Amino acid sequence: MERPTPTDVEKEVSSIDMIVSKGDAEGNITYTNPIFMKISGYSQGELLDKPHSILRHPDMPKAIFKYLWDNISEGKEVHAYVKNLCKDGSYYWVLAQVRMAKNPDGSFRNYVSTRRRVEEAAKATISELYAKMLAAEEEGGMDASLKVLEEFLSQRGHTLETFNACMDELNK
Ligand SMILES: Cc1cc2nc3c(=O)[nH]c(=O)nc-3n(C[C@H](O)[C@H](O)[C@H](O)COP(=O)(O)O)c2cc1C
């Protein structure tokens, strides 16, 4: 499938919307709820078995996805702001809570992401952070980007260990 060309059109996520998807160990989509399809503009057939990166927006720093995968693959939940690309090139912001779900015997079942609305102030703060991280990635790669993230967290009294709490505080 051809990648959509990003536009400046933003889609509204309402405060009652819960955009849910599930993925296998590689991040391929195994389930989406109706709001996921409605906002992204893709049908279920276009989404199932496709990688979640079908939604990847070029404004997203690589380091955020590295942090996501490093943690969820170890069973730790991650709360991260994500700017997603729709089929028509528009975008929407979400605060995603991504975690590993396990079977009763403790084995891996799937990954689950529950996404909700991002307040305007948080969007402004995170857009600025991600732009700085992207610029750092171009100049100095992943390490430089992570350094920008760690500085951001430290300015707010947080570290990578308390990343989720810092992200939650920004959306209050
Ligand atoms: C359950 C789950 C949900 C995800 N949701 C998104 C999403 O909404 N948008 C997104 O860009 N990546 C999402 N990802 C991360 C993607 O798997 C991928 O790491 C990311 O899009 C970067 O793609 P790339 O590594 O091909 O550059 C999700 C991963 C998992 C496991």
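The shown structure was predicted, so the numbers you read here are calculated from the model rather than taken from an experiment.

*Asks:* Sorry if this is basic, but what is going on with the overall build of the protein here?
*Replies:* Looking only at helices and strands, the protein features five helices and five strands. A compact globule built from 172 residues should have a C-alpha radius of gyration of about 16 Å, and the protein, at 16 Å, falls within 12% of that. Across its three principal directions, the C-alpha atoms of the protein cover 45 × 40 × 30 Å. The buried share of the protein, reckoned over its 172 residues, is 25%. If you take every contact in the protein between residues at least 6 apart in sequence, the share linking residues at least 24 apart comes to 53%.

*Asks:* So what exactly am I meant to see when it comes to the nonpolar core here?
*Replies:* Across soluble globular proteins, nonpolar side chains show a tendency to be buried alongside one another. Ranked by internal contacts, the top residues of the largest apolar core, which has 27 residues, are I39, Y81, Y92, V94 and M133. Sorting the residues of this core by element identifies α1 (34-40), α3 (62-72), β3 (78-85), β4 (91-102), α4 (120-155) and α5 (163-170) as the ones contributing at least two each. With near-sequence residues (within four places) excluded, M133 lies in contact with P61, A63, S145, V148 and L149.

*Asks:* What exactly am I supposed to notice about the site of the ligand here?
*Replies:* Near the ligand lie 16 residues; those nearest to it are G27, H52, S53, Y111 and S113. For the shell around the ligand, the elements supplying multiple residues, two or more each, are β1 (19-23), β3 and β5 (108-116). Take the shell around the ligand: its biggest share by element is three residues, from β5.

*Asks:* Even after reading the chapter, I still don't get the sheet that holds β5, so can you show me in this structure?
*Replies:* Pairing between sheet strands relies on hydrogen bonds along the backbone, with the strands arranged either parallel or antiparallel. Taken together, five strands build an open sheet; the order of strands is β2-β1-β5-β4-β3 and the sheet is antiparallel. The sheet terminates laterally at β2 (29-32) and β3, the two strands that pair on one side only. Neighbour to neighbour, the strand axes of the sheet diverge by 30° on average, direction disregarded. The pairing of β4 with β5 spans eight bridges and is classified as antiparallel. Of the residues in β5, the one forming a bridge with A101 is N110.

Conventions we followed
- Residues numbered from 1 in each chain as written.
- Predicted model: local features only at pLDDT ≥ 70, side-chain atom pairs only at ≥ 80, totals over all residues.
- Helix = DSSP H or I, 4+ residues; strand = E, 2+ residues; numbered from the N terminus.
- Rg over C-alpha atoms; globule rule 2.2 N^0.38 Å.
- Buried ≥ 20, exposed ≤ 12 C-beta atoms within 10 Å, placed from the backbone.
- Contact = placed C-beta atoms within 7 Å.
- Core = buried A, V, L, I, M, F, W, Y, C linked by C-beta atoms within 7 Å.
- Near = placed C-beta within 6 Å.
- Pairing = 2+ DSSP bridges.
- Axes fitted to C-alpha atoms, helices over the stretch in contact; angles between N-to-C directions.

Just geometry here; none of it tells us what the structure is for.
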